[in-house]
Amino acid sequence: MNLFKAELRRIARRRLTLVFGILLLAGVVGLAVILASISTEGPDEAALAEAQAQADEMNEQNPDYLDCVEDENYFEDNEMYGWVETDPEYQGMSHKEACEHAVGGWWAEDFLWTYTFNFADEGPFIIVGVMIVAGLVMMLLGSSAIGAEWSSGGMSNLMVWHPNRMRLWGAKLGAALTACAAGVVVLAALAFGLLVLVASLRGEVGALNGVWWEDTLELVLRTGVLALGMTLLGASLAMLGRHTAIAGGVIAGYLIIGELIVNMVSMNLSMDFPERLSLYTWVGAWITGRIELVGGYTGFNDMTPDVMVITWSDAGALLGGIVLLFAALATWSFQRRDAA
């Protein structure tokens, strides 16, 4: 009997897998329906004209804005706004538009009460969110599949027919990771298709150029690796504790109590960058590729703050080390401990 195929079949046929699968699919479809219901194709010309009139009325009450509009060299002559001339965001704007954004503080978008879903801007982060939720669910499924066998005695019976524990453990891990990868890919593809459909019908697709695809693929691939790591961690904790509740308890305990303790400690410690004590910071750095933590000022006369940069490689080394540590402990425990 092929252990890997048998374990994969067992995971796929579990009632919990069916329930979680239906909930995840329904969640993705429901998210698309909600976005479609609240998104519009954009305001019409009358709404834009009314919003621009309101913005102009508010800006005209600002004397600095009026001076800016009347003086074409306002940005060159005013040191406070000298950065406008070199800021790429303002390139291509008319002088009046630049004054609205830099000095006036009010523009038409502030008075438009509509929401337009833009897939290019918002889609990648929604897909990443779906993949993270899928990874959490797969982590629970992986830990549940191993914990249930220990609780029912099925693991002991299985080892009678397959005494090679490392081969058995490898098959179970491989099946759990394969199921996780398949589930995450299916949900990500479904979310991508539905979001593009919503953007096409009720919003804007946006510019999906080469840079967008490159950035999005990196984001999705790193999130997929995170989901696999979460599954491996859940399975390892279940193997260590020989019960599903152990894995769920450890993870929930850290997310609720552990983070609370970390926040309390960081508030009472005189240390730079206390955010680095939180696992969320490292997870965010891994997914986004880079996070900058801003600390205190470098000196009394220097108002430049200290900055700590955490890259995806730094975060990957830490998170990967944690997961591999628990996987190694689970492997050692399964190899050495009694089956009873």
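For the structure, see preceding data.
Okay, so let's go over this structure. Nothing here was measured: the structure is a model prediction, and the numbers come from that model. (Residues numbered from 1 in each chain as written. Predicted model: local features only at pLDDT ≥ 70, side-chain atom pairs only at ≥ 80, totals over all residues. Heavy atoms only, no water.)

1. Examining helix α1 (residues 3–13)
Phase 1: Listed as buried for α1 are Leu3, Glu7 and Ile11. Down the axis of α1, the buried set is contained in an arc of 65°. They therefore lie on one face. Opposite the packed face of α1, turned more than 90 degrees from it, sit the exposed residues Lys5, Ala12 and Arg13. (Buried < 20%, exposed > 50% of the residue type's maximum accessible area, 1.4 Å probe, protein only. Helix = DSSP H or I, 4+ residues; strand = E, 2+ residues; numbered from the N terminus. Arc of directions from axis to C-beta.)

2. So, the environment of Gly284
Phase 1: Secondary-structure assignment places Gly284 in helix α12 (residues 279–288).
Phase 2: The sequence separation of Gly284 and Ile310 amounts to 26 residues, and the corresponding C-alpha distance is 9.6 Å.
Phase 3: Not counting chain neighbours up to four residues away, the residues in contact with Gly284 comprise Gly289 and Ile291. (Contact = heavy atoms within 4.5 Å.)

3. Structural notes on the state of the cysteines
Phase 1: All chains considered together, the criterion is met by 1 disulfide.
Phase 2: Across a sulfur-sulfur distance of 2.0 Å, Cys68 and Cys99 are joined as a disulfide pair. Here the S-S torsion is close to -75°, and the disulfide linking Cys68 with Cys99 is therefore left-handed. Of this pair, Cys68 sits in helix α4 (residues 63–70) while Cys99 is found in helix α6 (residues 95–104), placing the two residues 31 residues apart along the sequence. (Disulfide = S-S within 2.5 Å.)

4. Looking at a nonpolar patch on the surface
Phase 1: On the surface, Leu255, Ile256, Ile257, Ile261, Val265, Leu277 and Tyr280 cluster together to form a nonpolar patch covering roughly 650 Å² of accessible area.
Phase 2: With 5 residues, the single largest contributor to the nonpolar patch is helix α11 (residues 244–268). (Patch = residues over 30% accessible without salt bridge, like charges linked within 9 Å, V, L, I, M, F, W, Y side chains within 5 Å. Areas by Shrake-Rupley, 256 points an atom, 1.4 Å probe, with all protein chains shown as cover. Salt bridge = Lys/Arg side-chain N within 4 Å of Asp/Glu carboxyl O.)

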